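Chain and residue survey
Spelled out, the chains give:
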Amino acid sequence: MTDFNYERWWELHVRSAKGEALTVEDQTEYNAGQAILDSQDTIVDSDIFTRLRILRSTIQRAAHRHAELSAYSEELDQKIAVLESNYQRLTGQSLETPYAVA
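Residues numbered from 1 in each chain as written. Predicted model: local features only at pLDDT ≥ 70, side-chain atom pairs only at ≥ 80, totals over all residues. Heavy atoms only, no water.

Applying the stated criterion across every chain yields a total of 7 salt bridges. Across the pair Asp-26 and Arg-8 runs a salt bridge, and its minimum N-O distance is 2.7 Å. Note that Asp-26 is positioned in helix 2 (residues 24–91) and Arg-8 in helix 1 (residues 6–17), a separation of 18 residues in sequence. Judged by its relative accessible area of 12%, Asp-26 is buried. With its nearest N and O atoms 3.3 Å apart, the salt bridge here joins Asp-26 to Arg-15. Of this pair, Asp-26 sits in helix 2 while Arg-15 sits in helix 1, and the two are 11 residues apart along the sequence. For the residue pair Asp-26 and Arg-15, the accessibility class agrees, reading buried in each case. It is possible to trace a salt-bridge network through shared partners that takes in Arg-8, Glu-11, Arg-15, Glu-20, Asp-26 and Glu-29. (Salt bridge = Lys/Arg side-chain N within 4 Å of Asp/Glu carboxyl O. Helix = DSSP H or I, 4+ residues; strand = E, 2+ residues; numbered from the N terminus. Buried < 20%, exposed > 50% of the residue type's maximum accessible area, 1.4 Å probe, protein only.)

Our next topic: the side chain of Asp-26. Polar side-chain contacts of Asp-26 include one of 3.3 Å to the side chain of Arg-15. Setting aside its immediate chain neighbours within four residues, Asp-26 contacts Arg-8, Leu-12 and Arg-15. (Polar contact = N/O pair within 3.5 Å; in protein donor to acceptor, adjacent residues only side chain to side chain. Contact = heavy atoms within 4.5 Å.)

Our focus in this paragraph is a nonpolar patch on the surface. Together, Ile-48, Phe-49, Leu-52, Leu-55 and Ile-59 make up an exposed nonpolar region whose accessible area comes to about 470 Å². Within the element layout of this structure, Ile-48 appears in helix 2. In this structure Ile-48 comes out as partly exposed when scored by relative accessible area, which is 42%. (Patch = residues over 30% accessible without salt bridge, like charges linked within 9 Å, V, L, I, M, F, W, Y side chains within 5 Å. Areas by Shrake-Rupley, 256 points an atom, 1.4 Å probe, with all protein chains shown as cover.)

A few words now on the environment of Gly-33. Relative to the assigned elements, Gly-33 resides in helix 2. Linking Gly-33 and Asn-5, residues 28 residues apart in sequence, is a C-alpha distance of 7.9 Å.

Moving on: the environment of Ser-94. Mapped onto the elements of the fold, Ser-94 is located in the segment after helix 2. Since its relative accessible area comes to 39%, Ser-94 is described here as partly exposed. In this structure the C-alpha to C-alpha distance between Ser-94 and Glu-84, which are 10 residues apart in sequence, comes to 7.7 Å.

Structure below.
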C-alpha cells in the first residue's frame, strides 16, 4: 500500500469492526494502513510531549520567579512598615490618608 487512502482504510476498518471477514488482500491493506496511522500518531505524540515538556519547564520557571517576587514583596512590605512606624514616631504624623483615594 504505497499510496495511503484513508477513505479506503476507513471502509475496511468499519467492515472489520462489524466482524466482517476481510479477504487476505483487504486484511493486508487494512494492516498496512493501520501501521501508517500508528506511525503518524507516534510522530504527533512525540511532538506533543516535547511541547508539553517545554511548557512545563516554562511554567516551573515562572512559578519559581513568582515565589521570588512574592518573597521580595513581603520583605519590602516589612521595610515599609518599619519606615512608616519610624516616621510616625519622629513626626507624630501618620502616613495614612484621612480619605480613600480612588
